[in-house]
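# Residue-level structural notes
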Amino acid sequence: MYHNGPHMKNWELYDVLRKIYGRPLETERLTIGPIRVQDDFKLAAMFNADGGDFQTHYYGHPDKDPFTAAHVRAVTLKRWEWHDKLTGSINLFVQSKDTKDLVGCFNIYQDNKERVHIAPYFLPSARQRGLCGESYDAIFQRAVDAELFPEGEVVAIVSVSNIASQKFHLSRHFRQASGPVFMPNMREEKDRWCIPFVRDI
């Protein structure tokens, strides 16, 4: 969820993305779309699931543990809106059609070279079932169809310690763009050495 992008330059790209994702995107098992105020209980449950794993990826530094729906409404959603406006990023949440629970999310943003990143997160209990790949492919194809990659590529920055994420991106036709690079603004010290990946459109 956290990234070190500056103020985004290409606001038009995000205007288009917001219009596209103003309606849910569906796959066989999932519904994907922006978070809504009425999703407060579901988002609080996601923050609390799996020992609070999602909280470690949340860029707002949570004020409460466990999260409550009231806290989500009063603090989290407002902080999220502020952050997304500041950085020009979008968060798309993934809901299971079977359980109606939120199981993951994607943070979409541009770096200082105006390259698009699509960064996934899924709860540990929702991994190893193909859900991340299923939703990533749907988002990626919708974006390609809308010609939302002006540079002809999508990129990813993955911690050298996150082997699972590296394997995931390679399975989505990414290639390693260079050796590890130091990312000083990453929250966790262990995540500051990262591998750049790129996928040509």
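See the structure printed just above.
Here we summarise the structure given alongside this text. Residue numbers run consecutively from 1 along every chain, following the written order of its sequence. Given that the model is predicted, a residue must reach a pLDDT of at least 70 before its local features are reported, and side-chain atom pairs must reach 80 or more before they are shown or counted; all residues, however, enter totals for whole chains, interfaces and linings. In computing side-chain values, all of the structure's heavy atoms are included and hydrogens and water are not.

## A look at the packing of helix 2 (residues 40–48) against helix 3 (residues 69–87)
For clarity, the cut-off: Angles shown run from 0 to 180 degrees and are taken between the N-to-C directions of axes, each axis being a line fitted to C-alpha atoms and, for helices, limited to the stretch in contact. Each helix corresponds to a stretch of at least 4 residues labelled H or I by DSSP, and each strand to a stretch of at least 2 residues labelled E; elements are numbered beginning at the N terminus. Should an angle fall under 35 degrees it is called roughly parallel, over 145 degrees roughly antiparallel, and 65 to 115 degrees roughly perpendicular, with every other angle called oblique. Between two residues, a contact is recorded if the distance between any of their heavy atoms is within 4.5 Å. Classes in brief: Ala, Val, Leu, Ile, Met, Phe, Trp, Tyr, Cys and Pro nonpolar; Asp, Glu, Lys and Arg charged; the others, Gly included, polar.
Put simply, helix 2 and helix 3 touch, their axes get as near as 9 Å, and they point 85° apart. Here helix 2 lies roughly perpendicular to helix 3, going by the angle between them. Mapping the contact onto sequence places Asp40, Phe41, Leu43, Ala44 and Phe47 in helix 2 and Ala69, Val72, Arg73, Thr76, Leu77 and Trp80 in helix 3. Class assignment of the residues belonging to the contact of helix 2 with helix 3 gives a composition of 8 nonpolar, 1 polar and 2 charged.

## Some details on the environment of serine 165
Under the convention used in this document: Burial classes: relative accessible area under 20% of the type maximum marks a residue as buried, over 50% as exposed, and values in between as partly exposed (1.4 Å probe, protein chains only).
Within the secondary structure, serine 165 is located in helix 5 (residues 163–171). A relative accessible area of 18% places serine 165 in the buried class. When the C-alpha positions of serine 165 and alanine 119 are compared, they lie 9.8 Å apart, and in sequence the two are 46 residues distant.

## What about a nonpolar patch on the surface?
Rules: Here the term patch refers to residues with relative accessible area over 30% and no salt bridge, with like charges joined within 9 Å and nonpolar side chains (Val, Leu, Ile, Met, Phe, Trp, Tyr) within 5 Å. The method behind every accessible area is Shrake-Rupley, applied with a 1.4 Å probe, and residues are considered shielded solely by the protein chains displayed. Put simply, a salt bridge is a Lys or Arg side-chain nitrogen that is within 4 Å of an Asp or Glu carboxyl oxygen.
Together, Val160, Phe182 and Trp193 make up an exposed nonpolar region whose accessible area comes to about 300 Å². Structurally, phenylalanine 182 is set in strand 8 (residues 181–182). Given the relative accessible area of 46%, phenylalanine 182 is considered partly exposed.

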